[in-house]
Amino acid sequence: MQAIQRKLVRNLWNIKGQVIAISLVIAVGVAMFIMYSSTFDSLYRTQQAYYDRHDFADVFARLERAPNRLAARIAAIPGVTRTATRVVAEVTLDVAGMNEPVTGRLISLPEPGDVNGIALQVGRRPDPERPEEVLVSDGFAAAHGMLPGATFDAVINGRLRELRVVGTAMSPEYVYSIRPGALMPDEKRFGVIWVEPRALASAFDMEGAFNDVSLALAPGAQTDEVIAQLDRLLETYGGLGAIPRELQISNWFLASELSQLRGFGTFVPIVFLSVAAFLLNVVLRRMISVQREQIAALKALGYTNREVGWHFAQWSLLISALGGAVGIWLGRWLGRGMINIYNGYFEFPFLAYALTPRVVVGAVLVGLVAAAIGAVGAVRQAVRLPPAEAMRPEPPANYGRTWLERLGVARWLSQPARIVLRNLQRRPLRTASTVLGIAFSGALLIIGLFFNDSIDVLMDVNFHGVQREDVSINLVRPATSRAVHELGRMPGVIEVQPARDLVVRIRAGHRSRRTALTGIAEAARLRRVVSTDFTAETLPGEGLVLSTKLAEILDVGLGSSVTLEVLEGARPVREVVVSGLVEEFMGRRAYVRLDALHRLMRESGVLTGAYMRIDTNQAERLYSELKLMPAVAGVALKAAAIETFQNQMDEMMGVFIFFNIIFAAVITIGVVYNVARIALSERRHELASLRVLGFTRAEISSILLGELAVLTLAGIPLGLWMGYGLAAVMVAAFDTELYRFPLVISVRTYAVSALIVALASAASGLLVRRRLDHLDLVEVLKATE
């Protein structure tokens with residue numbers, strides 16, 4: 001080993017505490033890159049393989065009823081390679097161990113090789129000669145402990161039937177298995193059931209007909225044109241409007257999650273590695289400043305500028321390599337944990353964690369880039385230092401009165417306080433960078449914690465402002481107003497509000513969206529239209545009220561005229577005026593007053609469902625009757641929705657917040673500890689002199705720790721402000737058609753973030769204080785500066 005290499009090893013060992021602190025910051029940055037990138041990679045590769053292996057469709061459409069012969073005309077649409085027609089129906093299930101009704105979706109079992117094929121997990125396919133045999137979704141079976149041979153009841157086309165489970169399966173259509181209108185998957189209360197096609201068609205009087213079709217398209221096919229032609233074919237058969245794969249609900253949620261992973265995988269590592277680059281630069285510059293005479297000696301002994309520069313660059317690269325190695329291991333561990341969490345949310349027949357060489361190489365490169373950025377300025381300083389100048393001690397700092405002292409504040413400041421202010425002022429760049437590093441840790445904490453505040457508001461608006469009912473039901477087919485009176489006479493029902501929903505397409509010029517049009521009764525009390533500021537909106541007598549997201553998509557405003565195409569019943573087409581806008585967190589809906597909707601459809605008192613407030617003491621009696629009602633297609637309980645939403649968010653956000661706190665503390669400790677060690681290294685002679693002059697340990701500690709306190713106190717409010725800005729960026733990134741998060745940050749979140757930063761900074765200061773207490777005064781005063 002050459003002498004210069006031995007010098008490198010000794011230097012790293014002498015500042016091992018700082019090396020560890022910087023390496024940890026780099027390790028966290030690399031780990032975040034590895035975790036998010038490898039998780040994205042694993043999910044994306046699994047998604048594509050699953051979709052390809054089981055022929056996930058490109059276009060989906062629902063309709064009322066069409067003869068099977070129409071399938072040939074659909075298949076003839078240019079660009080269509082395969083079609084799959086089937087029967088799909090929502091039913092009410094009575095499952096052992098569940099007091100409340102469960103919603104099931106019955107689907108014709110696809111043949112092997114069909115579009116939207118299934119992945120059999122347990123058991124076998126149903127026997128065509130046994131109509132009671134079914135496959136159930138794997139998550140639903142697991143939630144209820146169902147094994148082959150288990151039975152449950154279903155109300156199918158008005159008749160109670162017993163179904164027997166012969167196996168479990170998964171489908172690319174239901175990777176994210178969520179009931180329509182729900183916020184989160186609830187596999188206890190919603191299940192997908194595949195039934196032998198002839199048995200299902202016979203049960204619903206659909207022999208020789210279908211009510212659902214999926215299409216696979218050729219590469220390069222024009223999806224919009226295919227959808228337009230398909231809609232024209234299905235129009236006379238009650239078509240509800242076709243959608244592309246991008247808007248299929250399960251795929252949309254999965255694609256949204258992948259997009260978020262990619263965004264986090266870019267943003268979070270940049271923050272950590274930027275802080276690491278700053279720390280490397282500060283520490284390396286200090287080392288070069290201390291080793292001026294050694295640099296001069298190296299150059300005098302024949303080492304070239306390139307060799308000297310490479311020597312100090314190696315210092316930075318070795319720290320980066322150490323942090324990168326730890327980060328790759330940590331990121332792999334975290335990535336496996338993320339995949340385990342996703343296995344609970346997404347139903348894949350195979351979802352294995354894979355750390356590819358591409359991701360590892362990318363992580364190594366970003367770590368090296370951080371090291372290079374941190375070293376470049378310091379290395380340039382070492383290379384440009386002439387030997388003759390390096391032999392002379394570095395000129396002392398130019399101290400002077402600070403601007404605070406010039407304002408007359410000095411008379412209220414002690415001598416140690418003035419020393420602190422002057423030291424901070426003489427290195428403004430380092431001071432600003434340190435404050436910024438501490439601020440970043442506070443900002444990261446805000447990002448992690450504010451989601452709790454945001455979700456609390458979202459839940460409050462949705463579950464206590466909009467949904468004030470206890471139970472909501474969907475009917476198999478539209479009913480008259482008499483159904484409201486019948487529901488009101490059921491046990492435990494206190495109040496009933498009729499529900500009328502239509503599937504519509506709203507057009508504004510060349511823009512259009514397929515959405516739900518909801519009729520809300522005047523002075524409704526159970527289901528209301530409530531804006532994000534908790535204001536209950538009063539619907540006008542005529543015209544549409546659109547969510548601001550839908551208005552943004554259609555590029556319309558108050559007073560704009562739009563074309564409303566109803567996609568069911570008589571399918572009327574009307575020109576209507578946008579008479580109101582409401583800002584909502586969920587969906588992109590349109591509203592109209594219930595009486596105006598009846599006039600639009602030229603009907604009297606028709607409803608498609610109902611909202612009910614009930615006496616919870618009689619809930620079980622009510623649920624028992626609802627399970628057996630032939631007219632009921634599905635039942636949703638608000639209490640169950642709240643419980644599911646809260647449990648799943650607590651699980652996911654709890655892990656996210658825990659690691660966010662740990663990683664933010666790493667940044668704070670890394671920044672504060674390194675700055676404190678550098679300050680002690682630079683001022684050990686000065687502090688030792690003060691001790692000899694009679695200052696106590698507490699007094700000289702107050703000089704060093706007071707400087708850290710000022711930096712922390714300056715960084716905390718900046719971090720809280722930056723956190724608000726970054727939270728606003730994240731809210732904008734999550735602004736999608738299906739949901740938006742409110743930008744709400746509570747005082748508690750600000751206080752917890754500030755406290756964690758302060759505690760991490762105090763811990764760093766105490767580590768340095770121990771070194772200060774053991775300062776060897778004789779040795780320090782004998783050393784040359």
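Before reading further, recall that the structure is shown in the block above.
Now for a quick tour of the structure.

By convention here, two paired aromatic rings are described through the distance between centres and the angle between planes. All told, the structure shown has 13 aromatic pairs when counted by the stated rule. Centre to centre, the rings of Y51 and F56 are 4.4 Å apart; their planes meet at 40°, and the pair counts as tilted. Among the residues examined, Y51 registers a relative accessible area of 2% and is labelled buried. Consider the rings of F450 and F451, whose centres lie 4.6 Å apart with planes at 35°: the pair is tilted. With respect to burial, F450 and F451 carry one shared label: buried.

Below, the discussion takes up the nonpolar core. If you look at the biggest cluster of nonpolar residues, it comprises 134 residues, and the most contacted ones within it are M32 and W315. In terms of residue count, the dominant contributor to this core is helix α14 (residues 428-466) (19 residues). Excluding residues that lie within four positions of it along the chain, M32 makes contacts with V268, P269, F272, L334 and F663.

Here the focus is empty space enclosed by the protein. As enumerated under the stated definition, the model contains two cavities of 30 Å³ or more in all. Roughly 210 Å³ of internal volume is contained in the largest cavity. Elements represented by at least two residues in the lining of the largest cavity include exactly β20 (632-637) and α19 (638-692). A volume near 80 Å³ is recorded for the second largest cavity. Lining the second largest cavity are ten residues; nearest its centre among them are N423, L424, R430, T431 and E707. Classifying every residue of the lining of the second largest cavity by side-chain character gives three nonpolar, three polar and four charged.

We now examine helix α18 (residues 619-627). Three or more residues of α18 are buried, namely A619, L622, Y623, L626 and K627. Here the buried residues of α18 occupy an arc of 135° about the axis, which is enough to place them on one side. Turning to α18, the residues buried within the fold contact β3 (88-94), β7 (151-156), β12 (471-479), β13 (493-508), β19 (607-614) and β20.

Taken as a whole and assessed by the stated rule, the structure comprises 30 salt bridges. With a shortest N-O distance of 3.4 Å, E495 and R613 are connected by a salt bridge. Of this pair, E495 sits in strand β13 while R613 sits in strand β19; the two residues are 118 residues apart in sequence, bridging distant segments of the chain. Residue class for E495 comes out buried when judged on its relative accessible area of 16%. Residue E542 pairs with R599 through a salt bridge whose shortest N-O separation is 2.5 Å. Residue E542 is found in the loop between β14 (511-520) and β15 (544-547), and its partner R599 is found in helix α17 (residues 594-601); the two are separated by 57 residues along the sequence. A relative accessible area of 44% means that R599 is categorised as partly exposed. Several salt bridges converge on common partners, so that one network encompasses E522, E542, R593, D595 and R599.

This part is about the packing of α14 against helix α20 (residues 697-733). Running from amino to carboxyl end, α14 crosses α20 at an angle of 45°, the nearest separation of the two axes being 6 Å. Relative to α20, α14 is oriented oblique. Crossing of α14 against α20: the hand is right-handed. Each residue belonging to the contact of α14 with α20 can be placed in one class, and the counts come to 20 nonpolar, seven polar and no charged.

Let us look at the packing of helix α2 (residues 16-53) against helix α9 (residues 305-343). Running from N to C, α2 and α9 cross one another at 40°; their axes reach a closest spacing of 6 Å. One element, α2, and the other, α9, form an angle in the oblique class. Both α2 and α9 take part in a crossing whose hand is right-handed. In terms of residue class, the contact of α2 with α9 is made up of 20 nonpolar, ten polar and one charged.

Rules behind the numbers
- Here, residues in each chain are numbered from 1, in the same order as that chain's written sequence.
- Only residues with pLDDT of 70 or above have their local features reported here, since the model is predicted, and side-chain atom pairs are shown and tallied only from 80 upward, although totals for entire chains, interfaces and linings are computed over all residues.
- Side-chain calculation: all heavy atoms of the structure are included, whereas hydrogens and water are not.
- Only the six-membered ring of Trp is used, alongside the rings of Phe and Tyr, when aromatic pairs are assigned; centres must lie within 6.5 Å, and planes under 30 degrees apart are stacked while those over 60 apart are edge-to-face, with the rest tilted.
- We call a residue buried when its accessible area falls under 20% of the maximum for its residue type, exposed when it is over 50%, and partly exposed in between, using a 1.4 Å probe and counting protein chains only.
- Buried Ala, Val, Leu, Ile, Met, Phe, Trp, Tyr and Cys residues that are joined via side-chain atoms within 4.5 Å together make up what is termed a nonpolar core.
- In this description a helix means any DSSP run of H or I spanning at least four residues, a strand means any run of E spanning at least two, and both kinds are numbered starting from the N terminus.
- Any pair of residues with heavy atoms lying within 4.5 Å of one another is described as a contacting pair.
- The method works on a 1 Å grid over the protein atoms by themselves. A cavity is a set of points holding a 1.4 Å probe that cannot get out, a pocket is an open set with protein on both sides within 12 Å along at least five of seven lines, and residues with an atom within 4 Å of a point line them.
- Grid points are joined across faces, edges and corners, and a volume is the space filled by probe spheres set on the points.
- Under the convention adopted here, Pro, Cys and the residues Ala, Val, Leu, Ile, Met, Phe, Trp and Tyr are nonpolar, Asp, Glu, Lys and Arg are charged, and Gly plus all remaining residues are polar.
- It is the directions from the helix axis to the C-beta atoms that the arc portrays.
- Within this document, salt bridges are pairs made up of a side-chain nitrogen of Lys or Arg and a carboxyl oxygen of Asp or Glu, the two lying within 4 Å of each other.
- Here, axes are lines fitted to C-alpha atoms. For helices the fit covers the stretch in contact, and angles between N-to-C directions go from 0 to 180 degrees.
- Note on angle classes: values under 35 degrees are labelled roughly parallel, values over 145 roughly antiparallel, values of 65 to 115 roughly perpendicular, and the remainder oblique.
- Rotating anticlockwise by less than a right angle from the far helix to the near helix defines a left-handed crossing, while the corresponding clockwise rotation defines a right-handed one.

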